[in-house]
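Summary of the model geometry
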Amino acid sequence: MAGEEYARIFSWGNSPRRKGDYELASPSEPLDLPQTLLEPLLTRYASQNGFHCRFSTELVSFDQLSADAGVRCTLRDLVSDQTYAIRCKHLFGADGGRSRIAKSLELPFTEKPGGGFAINLLIEADMSHIIDDRKGNLHWLLQPDREAPDFAWIGCIRMVKPWHEWLCIIFPKPGAERKARPAEDYVDRVRELIGDDSIPFKINRVSTWAINETSADVYSKGSVFCLGDAVHRHPPNHGLGSNTCIQDAHNLAWKVAYVNRGWAGPALLDSYNAERQPVGQDVVSQANASLRNHIEIWRLLGNFEANPLAGAAALRELKENSPAGFKRRAQFQAALKLIDREEHGLGVEMNQRYTSTAIYITDEAGPRPAFTRDPVEHYQPSTYPGARLPHAWLSNAVPSKAISTLDLAGKCRFTLLTGIGGDGWLEAAKTVGTELGVPLEVFSIGYGKQWADRYLEWEKLREVEESGCVVVRPDYFVAWRCPRWEKDGVERLGRAMRSVLSR
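Presented here is a report on the structure given in the accompanying data block. Since this is a predicted model, take the numbers as computed values, not measurements. (Residues numbered from 1 in each chain as written. Predicted model: local features only at pLDDT ≥ 70, side-chain atom pairs only at ≥ 80, totals over all residues. Heavy atoms only, no water.)

**Here we look at the overall build of the chain**
This is how the line gets drawn: Numbering of helices and strands starts at the N terminus; helices are DSSP runs of H or I of at least 4 residues and strands are runs of E of at least 2. Type-normalised accessible area, obtained with a 1.4 Å probe on protein chains alone, sets the label of each residue: buried when under 20%, exposed when over 50%, and partly exposed for intermediate values. In this description, contact between two residues means that some pair of their heavy atoms is separated by no more than 4.5 Å. Only the protein chains shown count as cover for residues, with accessible areas throughout obtained via the Shrake-Rupley method and a probe of 1.4 Å.
Helix and strand counts for the chain stand at 14 helices and 21 strands. Over its C-alpha atoms, taken along the principal directions, the chain stretches across nearly 80 × 60 × 40 Å. Buried positions account for 47% of the 503 residues belonging to the chain. Here the analysis covers contacts within the chain between residues at least 6 apart in sequence; of these, 68% occur between residues at least 24 apart. Split by element, the accessible area of the chain, about 25,500 Å² in all, is 52% carbon and sulfur.

**Observations concerning the sheet that holds strand β21 (residues 478-482)**
Filter applied, for reference: For two strands to be treated as a pair, DSSP must find no fewer than two bridges joining them. Only C-alpha atoms enter the line fits that serve as axes; for helices the fit covers just the stretch in contact. Angles between N-to-C directions range over 0 to 180 degrees.
Across the sheet, four strands lie side by side as β18-β17-β20-β21; this open sheet has mixed pairing. The open sheet terminates on both sides in strands that have one partner only, identified here as β18 (440-444) and β21. If you compare each strand with its neighbour and ignore which way they point, the axes differ by 20° on average. Where strand β20 (residues 469-472) meets β21, four bridges bridge the pair, whose relative direction is antiparallel. Directly across from V470, in β21, lies its bridge partner R481. Sheet strands in contact with helix α12 (residues 424-436) are β17 (414-418), β18, β20 and β21, and its direction is about 175° off that of β18. In this fold helix α14 (residues 489-500) packs onto β17, β18, β20 and β21, with an angle of close to 160° to the strand it touches most, β21.

**Considering the packing of aromatic side chains**
Rules: Classification of ring pairs uses Phe, Tyr and Trp, with its six-membered ring standing for Trp, and accepts pairs whose centres are within 6.5 Å; under 30 degrees between planes counts as stacked, over 60 as edge-to-face, and the remaining range as tilted.
Scanning the model with the defined rule gives 17 aromatic pairs in all. Pairing F225 with Y272 gives two aromatic rings, centres 6.2 Å apart and planes at 70°, and the pair type is edge-to-face. Of this pair, F225 sits in strand β13 (residues 224-226) while Y272 sits in helix α7 (residues 270-300), and the two are 47 residues apart along the sequence. When sorted by exposure, F225 lands in the same class as Y272, which is buried. Every member of this aromatic cluster is reached through a ring pair, and the members are W140, W153, F171, W298 and F304.

**Quick notes on the nonpolar core**
Where we set the bar: To define a nonpolar core, start from buried Ala, Val, Leu, Ile, Met, Phe, Trp, Tyr and Cys residues and group those joined through side-chain atoms within 4.5 Å.
F62, F414, V471, W480, L493, M497 and L501 are the most contacted members of the largest nonpolar core, which has 50 residues in total. Ignoring sequence-local partners within four residues, the contact set of V471 consists of F414, T415, L416, F477, V478, A479, W480, L493 and M497. By size, the runner-up hydrophobic cluster in this structure holds 24 residues, among which are L121, L141, W166 and C168.

**A short note on unusual backbone geometry**
Keep in mind that most residues, glycine aside, have a negative phi and that most peptide bonds are trans. The amide bond that connects P162 to the next residue, W163, takes the cis arrangement and shows omega of -15°. Phi at E106 is positive, roughly 60°, even though this residue is not glycine. Along the chain, E106 turns up in the loop between α3 (100-105) and β5 (109-111). With a phi angle near 55°, S502 is a residue other than glycine that sits in the positive phi range. Among the secondary structure elements, S502 is positioned in the segment after α14. Judged by relative accessible area, S502 falls into the partly exposed class, the value being 23%.

**Concerning the pairing of strand β7 (residues 138-141)**
Every second residue of β7 is oriented toward a common face, the buried set being H139 and L141 and the non-buried set L138 and W140. Pairing analysis gives four bridges linking β7 to strand β8 (residues 154-161), with the strands arranged antiparallel. The residue of β8 that forms the bridge with L138 is R158.

**A look at the environment of R373**
Selection rule: Here a polar contact is recorded for every N or O atom pair within 3.5 Å, except that within protein the pair must consist of a potential hydrogen donor and a potential acceptor, and residues adjacent in sequence are included only if both atoms are side-chain atoms.
By secondary structure assignment, the location of R373 is in the loop between α10 (346-350) and β15 (393-395). Relative accessible area serves as the criterion here: at 46%, R373 is assigned to the partly exposed category. Along the chain, R373 and G347 lie 26 residues apart, while their C-alpha atoms are 9.4 Å from each other. Apart from residues lying up to four places away in sequence, R373 is in contact with H378, Y379 and Q380. Among the polar contacts made by the side chain of R373, one reaches the side chain of H378 at a distance of 3.5 Å.

**Overview of the packing of α12 against α14**
Selection criterion: Angles are sorted into four bins: roughly parallel if under 35 degrees, roughly antiparallel if over 145, roughly perpendicular if 65 to 115, and oblique for all others. Left-handed is the label given to a crossing in which the near helix is rotated counterclockwise from the far helix by less than a right angle, and right-handed is the label when the rotation is clockwise. Residues are grouped as follows: Ala, Val, Leu, Ile, Met, Phe, Trp, Tyr, Cys and Pro are nonpolar; Asp, Glu, Lys and Arg are charged; all remaining types, including Gly, are polar.
Here α12 crosses α14 at 40°, and the two axes come no closer than 9 Å. Of the possible angle classes, the one that applies to α12 and α14 is oblique. The two elements α12 and α14 cross, and the hand of that crossing is right-handed. Note on element contacts: α14 touches α12 through G489, V490, L493, G494, M497 and R498, opposite W425, A428, A429, T431, V432, E435 and L436. Of the residues that constitute the contact of α12 with α14, the class distribution is eight nonpolar, three polar and two charged.

**Structural notes on the sheet that holds strand β1 (residues 57-64)**
In space, the three strands of this open sheet follow the order β1-β2-β3, with antiparallel pairing throughout. Among the strands making up the open sheet, the edge pair consists of β1 and β3 (82-88). Pairs of neighbouring strands in the sheet enclose a mean axial angle of 25°, with direction left out of account. As defined by bridge partners, strand β2 (residues 71-77) adjoins β3 across seven bridges and the pair is classed as antiparallel.

**Re α12**
Rules: How far a helix is expected to stretch is found by multiplying one less than its residue total by 1.5 Å. What the arc describes is the spread of directions from the helix axis to the C-beta atoms.
Helix length check: α12 (13 residues) gives 18 Å between terminal C-alpha atoms against 18 Å at 1.5 Å per residue, within 8%. Taken together, the buried positions of α12 are occupied by G424, W425, A428, A429, V432, G433 and L436. All buried residues of α12 lie within an arc of 150° about the axis, which places them on one face of the element. The outward face of α12, more than 90 degrees from its buried face, is lined by the exposed residues K430 and T434. Looking at the buried residues of α12, the elements they touch are β17, β18, β20, β21 and α14. Of the residues trailing α12, G437 is marked for its positive phi of about 70°.

**Let's talk about helix α9 (residues 323-343)**
The terminal C-alpha atoms of α9 lie 30 Å apart, and with 21 residues this matches the ideal 30 Å at 1.5 Å per residue to within 8%. Those residues of α9 that are buried are in contact with α1 (19-25), β7, α7 and α8 (308-319).

**Comments concerning the pattern of salt bridges**
The following threshold applies: Criterion for a salt bridge: a side-chain nitrogen of Lys or Arg within 4 Å of a carboxyl oxygen of Asp or Glu.
Within the structure shown, the criterion is met by 32 salt bridges. For D185, the salt bridge is made with R181, and the minimal N-O distance between the two is 3.8 Å. The class for D185 is partly exposed, based on a relative accessible area of 34%. Salt bridges here are not isolated pairs; linked through shared partners, they connect E58, R76, D81 and R100.

This is the structure in structure tokens:
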């Protein structure tokens, strides 16, 4: 951390070349919130809002009962060692990478050869004085010119709380033995990676994790649904772990609510697997591909050389005025470009395109539009059914606080967005919503309407005429759209909503 710097790159929308892309994609700023800080917030909210959070409790077994009868679960209180049974309508297996529920369901998995393992060290160390001129979130630490133990070869120090709490991720040498080690075994290596012996530090926690490339082919059976790391397991590259887990839950939650309230047919729940499994599979592949891109940097900086002398020679060559030096620098810069693609992978975060019975495309004139730019790096907004609702700023014609199109959607209801000439949709939505008993709210955007298109961005993004409509699901994904208002609007809206809801 106090040593020589070989390269730095912007990340997560901080590049001057990419800031606009991120601001156009979302009303929210990216937030780096580690799981250790996020989970207490979620737990506190859940426990204060009607959820019974039982700690020191494990699931022993479960049995699916007859149709519509739910699931009987046997739990064990680890404090009292007492077992008891509960019955639930649905069981959700959000129990992590060693999911008992996924295993008990015998879900089929696609698993590629593993990438070994890594060690997480949660450390306290005040490094504020050496960070002033190299503030960053992730610091890759390579020391090819020094001897390193097999179990602690390469380091990556990730900021948790600036600038005194860090996650030090240790990568062993290929083929190193996976073995549980006490914190004391890592003290010397952490001191070397910090590089300033005057900085005191403390290792608070040690954990080992496998570098997986594993995804489930099926996410659910009957009334049991698995989500999160239980069904997609991958390294943290792109920062897609918690995000993908939360998206799974968001996709599933409204569907379960609608079925349980009688607003949708049970077949709606089948769309969870159809929509989320391809996303999880893609995230697993992309995260692992991005981790492999780092290996080329390790090679170019000499980490795979036979000994520290050869590693030092590789570092010197990077600075040489020679054909070999020129070649190594060119390769190094090309490798860094791939890392920049990872750290600015807005597309892989936002470009999900769902295909299922909960998406109605029968009225579409053509196929889903192809991506015109790299779909990993660049987000391509669209209102084609199955895409997420694009963000555009709205406000009142009389100056008021701006809101996003996203603020109009969600809240466990369907939302219909229309504009000038689309007044017929208000009555259509009222009729269809009443017939189906489903909340369906209408908002009109345009001059003299409920909301003004503040920067005229919605006009560019909506992909339908002013009198047309875009219907958005409770999870902010487009369910259906109609290019313009016509006399059969009520019938068309009703047909689309019944299809989406499996009614």
